[in-house]
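Residues per chain are reported as follows:
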Amino acid sequence: MANEGVNSGRRRFLTATTAVVGAVGVAGVAVPFISSWKPSARAQVAGAPVEVDISKIDGEPGMRMIVQWRGKPVWIFKRTPEQLAALPGNDARLRDPNSENADQTPAFAKNEARSIKPELAVIVGICTHLGCSPTYIPELQPQPFDSEWQGGFYCPCHNSRFDLAGRVFQGVPAPSNLEVPPYHFVDDNRVIVGVPPEGAA
């Protein structure tokens, strides 16, 4: 008798409505929960590649640009033919002249200039000793700290020295060459720091 007044159509409607509302509720809770696993926008930007317009330094040898990538200063500068010619003269004074440490030098930069284009250097400007930022001294002339200076970087904190390819000298506290980040050229005026050249490991 009690079942005679039951409206089965209404029951199906209420069951379906309850199921839909429950599903929406579960989705509403799940989306923010799953989104919380993703890195924050700030973290994504910090690790994102950086596109740099290098047209300003293209015609000005010796000029250096500094950009931030992953919280690190990245130096981009143009070397003169004289500076490039001086690089091999430092080899006997360097700890790792052939850039054999893969942590500091990716395969695409294992050459004398440690770069894709010899005249354009892209180097992380952090001393490998204690994380200081060395001073850029591009002049090919004797300095108080080195009578045979052929241009490069000097860290006054503990006297570490690097040549214009970022290779470390022997007998200084810094244990290894300056890091070359992954990078590639989009065209003659743009470089992307954070992404290696196509086909590079």
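The written sequence of each chain sets the order in which its residues are numbered from 1. Per-residue local features are limited, in this predicted model, to residues with pLDDT of at least 70; the limit for side-chain atom pairs, both in listing and counting, is 80 or more; totals at the level of whole chains, interfaces and linings are taken over all residues. Heavy atoms from the whole structure form the basis of all side-chain values; hydrogens and water molecules are not counted.

Asker: What is the right way to look at the pattern of salt bridges in this model?
Answerer: One side-chain nitrogen of Lys or Arg within 4 Å of one carboxyl oxygen of Asp or Glu is enough to make a salt bridge. One pass over the structure, following the stated rule, counts 9 salt bridges. With a closest N to O distance of 2.8 Å, D146 and R93 form a salt bridge. Placement of the pair is D146 in the loop between strand 5 (135-137) and strand 6 (152-155) and R93 in the loop between helix 4 (81-86) and strand 4 (120-124), with a sequence separation of 53 residues. Residue R93 is classed as partly exposed on the basis of its relative accessible area, which comes to 22%. The closest approach of N and O atoms between D188 and K117, which form a salt bridge, is 3.6 Å. Of the two residues, D188 is situated in the loop between strand 8 (183-187) and strand 9 (190-193) and K117 in the loop between helix 4 and strand 4; the sequence distance between them amounts to 71 residues. A residue is classified by how much of its surface remains accessible, and D188, at 55% relative accessible area, is exposed. When salt bridges that share partners are traced, they join D91, E112, D163 and R167 into one network. Here a strand is any run of E in DSSP of at least two residues, a helix any run of H or I of at least four, and the numbering for each starts at the N terminus. Only protein chains enter the calculation, and the probe is 1.4 Å; a residue is then buried if its accessible area is under 20% of its type maximum, exposed if over 50%, and partly exposed in between.

Asker: Just to check I follow, could you spell out the sheet that holds strand 5 for this structure?
Answerer: By definition, two strands form a pair when at least two bridges between them are found by DSSP. With antiparallel pairing, the 3 strands of this open sheet are ordered in space as 5-6-7. Two strands close off the open sheet at either side, each with one partner strand: strand 5 and strand 7 (160-163). Direction aside, neighbouring strands of the sheet carry axes that sit 25° apart on average. Bridge count between strand 6 and strand 7: 4 bridges; the pairing is antiparallel. Its bridge partner being in strand 7, F153 is matched across the sheet by F162. To obtain an axis, a line is fitted to C-alpha atoms, over the contacting stretch when the element is a helix, and the angle between two such axes runs from 0 to 180 degrees between their N-to-C directions.

Asker: Sorry, what's going on with the environment of L87 here?
Answerer: Within the element layout of this structure, L87 appears in the loop between helix 4 and strand 4. Residue class for L87 comes out buried when judged on its relative accessible area of 2%. For the pair L87 and E112, spaced 25 residues apart in sequence, the C-alpha to C-alpha distance is 7.2 Å. Every residue pair with non-hydrogen atoms within 4.5 Å of one another is taken to be in contact. Setting aside residues up to four positions removed in sequence, L87 forms contacts with E112, A113, D163, L164, A165 and R167.

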